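One letter stands for each residue in the lines below.
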Amino acid sequence: MSLFIMSMAIVFLFLPGLPVTSKAEPNYLYHICPNTTTFTPNSTYQSNLNLLLSSLASNSTRNDGFYNTTTGQTPDTVYGLFLCRGDLSTYVCQDCVTFATKEVVRMCPVEKVSVIWYDKCLLRYSNLSFFNSVNQDALILYNTQNGPNRTSYQDLVRATVNEVASRAASSAKKFATGEMNFPSSSDALYTLAQCTQDLSEENCQRCLKFAIAYLRNGSVGARTLTPSCTVRYETYPFYNLSAAPGPLSPPPSPLSPPPSPLSVPPTVSRKGNGGKRATRTVIIVVVTSAVVVGLLGLCYYVYCYRNKQSHEETQTMLTDHDNNSVEMRYFNLTTIREVTNNFSNANKLGEGGFGPVYKGELPDGEKVAVKRLSMKSSQGIVEFKNEMMLIVKLQHKNLVRLLGYCLAGDEKLLVYEYMANTSLDTFLFDPIKRKELDWAKRANIINGTAKGLQYLHEDSRLKIIHRDMKASNVLLDDELNPKISDFGTARIFGGNQLEANTERVVGTYGYMAPEYALEGLFSVKSDVYSFGVLMLEIITGQKSRGFYERDDALNLLSYASKLWTEGQGLKLIDPDIVDTCPTSEALRWIHIALLCVQNDPADRPTMSYVILMLGGHLLALPTPSPPSWHAGRFTTMSDQSSMSGAATGSLSSDLSLTAR
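Residues numbered from 1 in each chain as written. Predicted model: local features only at pLDDT ≥ 70, side-chain atom pairs only at ≥ 80, totals over all residues. Heavy atoms only, no water.

### Here's the deal with the environment of Lys367
Link 1 in the chain: Turning to its location among the elements, Lys367 is positioned in strand β14 (residues 367–372).
Link 2 in the chain: A relative accessible area of 37% places Lys367 in the partly exposed class.
Link 3 in the chain: Linking Lys367 and Tyr416, residues 49 residues apart in sequence, is a C-alpha distance of 9.1 Å.
Link 4 in the chain: The residues contacting Lys367, other than those within four sequence positions of it, are Lys359, Gly360, Glu361 and Tyr418. (Helix = DSSP H or I, 4+ residues; strand = E, 2+ residues; numbered from the N terminus. Buried < 20%, exposed > 50% of the residue type's maximum accessible area, 1.4 Å probe, protein only. Contact = heavy atoms within 4.5 Å.)

### Things to note about the nonpolar core
Link 1 in the chain: By size, the foremost hydrophobic cluster in this structure holds 58 residues, and its most contacted members are Leu424, Phe531, Met535, Trp589 and Ile592.
Link 2 in the chain: Of all the elements in the fold, those that place two or more residues in this core are α9 (424–428), α10 (439–459), β18 (474–476), α12 (524–540), α13 (556–565), α14 (583–596) and α15 (607–615).
Link 3 in the chain: Examining the composition of this core, we find that 9 residues originate from one element, α12, more than from any other.
Link 4 in the chain: Contacts of Trp589, omitting those with residues within four sequence positions, involve Trp439, Ala443, Ile446, Asn447, Met535, Ile539 and Leu614.
Link 5 in the chain: Judged by nonpolar contacts, the second largest core, of 30 residues, contains Ala138, Val164, Cys207 and Val231. (Core = buried A, V, L, I, M, F, W, Y, C linked by side-chain atoms within 4.5 Å.)

### Description of the state of the cysteines
Working definition: the covalent bond between the sulfur atoms of two cysteines is a disulfide.
Link 1 in the chain: In total, this model carries 5 disulfides according to the counting rule given.
Link 2 in the chain: One disulfide bridge connects Cys33 with Cys108, the sulfur atoms lying 2.3 Å from each other. Classification of the bridge connecting Cys33 and Cys108 rests on its S-S torsion, roughly -80°, and on that basis the disulfide is left-handed. In this pair, Cys33 is assigned in the loop between β1 (28–32) and α2 (44–58) and Cys108 in the loop between α3 (90–107) and β4 (114–118), connecting sequence segments 75 residues apart.
Link 3 in the chain: Each sulfur in the disulfide pair Cys84 and Cys93 lies 2.1 Å from the other. Disulfide Cys84-Cys93: the torsion about the S-S bond is 75°, which places it as right-handed.
Link 4 in the chain: With a relative accessible area of 2%, Cys84 lands in the buried category.
Link 5 in the chain: Cysteine pairing in the protein chain follows 1-5, 2-3, 4-6, 7-8, 9-10, where each cysteine in a disulfide is numbered by its order in the sequence. (Disulfide = S-S within 2.5 Å.)

### Notes on the packing of α10 against α15
Link 1 in the chain: In the contact formed by α10 and α15, the axes pass within 8 Å of each other and the chain directions differ by 150°. Put simply, α10 runs roughly antiparallel to α15. Crossing geometry of α10 relative to α15 is assigned as left-handed. Contacts between α10 and α15 involve Ile446, Asn447, Ala450, Lys451, Leu453, Gln454, His457 and Glu458 from the former and Met607, Ser608, Ile611 and Leu614 from the latter. (Axes fitted to C-alpha atoms, helices over the stretch in contact; angles between N-to-C directions. Parallel < 35°, antiparallel > 145°, perpendicular 65-115°, else oblique. Left-handed = near helix turned anticlockwise from the far one by under 90°.)

### Some thoughts on helix α5 (residues 201–213)
Link 1 in the chain: Taking 1.5 Å per residue as the helical rise, α5 with its 13 residues ought to reach 18 Å, and the 18 Å between its terminal C-alpha atoms agrees with that figure.
Link 2 in the chain: All buried positions along α5 are accounted for by Asn203, Cys204, Cys207, Leu208, Phe210, Ala211 and Ile212. (Expected span 1.5 Å × (residues − 1).)

### Observations regarding the side chain of Ser423
Link 1 in the chain: Inspection of the secondary structure puts Ser423 in the loop between β16 (411–417) and α9.
Link 2 in the chain: Since its relative accessible area comes to 9%, Ser423 is described here as buried.
Link 3 in the chain: Setting aside residues up to four positions removed in sequence, Ser423 forms contacts with Ala471, Ser472, Val474, Leu475 and Leu476.

### Some details on the pairing of strand β10 (residues 229–234)
Link 1 in the chain: With 6 of its 6 residues buried, β10 lies for the most part within the structure.
Link 2 in the chain: A two-sided burial pattern is seen for β10, the buried positions comprising Cys229, Val231 and Tyr233 on one face and Thr230, Arg232 and Glu234 on the other.
Link 3 in the chain: The sheet contact formed by strand β8 (residues 188–195) and β10 spans 6 bridges and is antiparallel. For Cys195, the partnering residue across the bridge sits in β10 and is Cys229.
Link 4 in the chain: Judged from the 4 bridges that link them, strand β9 (residues 222–225) and β10 form a sheet pairing that is antiparallel. The residue of β10 that forms the bridge with Leu225 is Thr230.
Link 5 in the chain: Counted between consecutive antiparallel strands, the loop separating β9 from β10 contains 3 residues. (Pairing = 2+ DSSP bridges.)

As structure tokens, this is what we get:
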């Protein structure tokens, strides 16, 4: 058999181009980390937090998918836990928890209280004990497709969800699933309920009852996430049907060899037959090796052909749709690997919802940014081509410039001009870098972004709705001039088209207009809303997502509206610039931002009027109506995983990508 093994090794030496499957990251849903309670970097609390996260990661191999622990002494005690979905195996749980422990400190670097949800796990910590207590902060995700309005359908949903919740509360793992067939139909309803295992049966029942109350009637699928429990229903199996509640199974050993396709009998010492047996063994090994080599060669041929075919299809697509025959440069994958040092972490500029971005330098010395779509990205080949075709047709100083692309097997890559200062969020939400953004620079970023959006909406030969305007999609050049990027989710409107409806809501929650997130309706006014949120972030220096004024349970938009109504607008200006900026202008721009985030799209200005208001100091501004969207502590959003069937379950962030 050594000859067989040697022949296999030789085969793989000649096939370096075969793809290698990498472990997929868990699908991010949401996170909360109020900035009202923070700790000092390198403090005792941070040391205790690091110990706690290390303990959670090391205990993620437990077969019950749950662990809670405490580290440190008062006043620096940290309480934490993780919870994995009850149908998952141990190694899937471990991957999710380990990833969460790293991401949560990136998203919440100095906050003492944090919760992060993924599709497969939850991780939570706080400076106050929360074990066996019900937290009623709620995140509601639902499918924008309308479900049957029949009373029988709603009754079935309520009955099934309540029954599964009751079973979950009384079970040891605080987890239960259920499947119920629709009357007179082959369709089925799938439900899941789960609590953190530190809850008593009574508290679990109370948490699930609260979560069920916020499920939207009439939706084909919905779920409520809280830090203490979750409940969900869909018309497709979103959990592992074969995994009954109970101990999680360990992963198969990666070193276990597959069963041999041949059974070679042991050599028997028998006079006159030894030579025949040896000859037969050699023949079997040679034939088997030849078959294996042939199969692997066929796989390699198919792989190379697929790469070639992908390239040819992309070139055809450009020719078919590009009426002005704009040339698009094709980059070889080998070249891109060389200029990015094989996508090394040292070259990584950031992470988006669709995948990471890497810095590279071409042989002629030109610096580029390479956007690499991750294998798990919700952006597929359609969105990839969409982004490529849109950007190549758009020319404006406040839009990022696309230099070329690469399609090679599973690799989808876009090559952009390099922006020395990466994205706005890396400056705006960094406590040190933010100080570089004085009022003049922030005003320039707001004005430039507004002009880029106006071009998309009104001045380009295509009417473009971006649908994912946010801080991470505004790139900054070496002089901090803004350029809008990431057109994977953009949509083209016809000449007289005012709005459109979609069943696939994409974008980033926290920036989404209510009519888009709730009903799938989008228009230029949806982008205006997102721009208004971005304006408030730039002026206040605060993130829209994750901002909570704990005493009043307000997020950034509601908090800004409240202070504005009370005549306390000065409190909204970032403390880093409040003493040096022209306060009258800053207050006027807060006023304009609040006009952009009004609930009714008809009340929001167009981008051309926004630019007019930004420059016209004598122009009278109407009184903004207070935003009701996202008011209070409950956040409602569309569940992209529901809308895309049983596929990815991805919510992006950045999503958009950005995860991203």
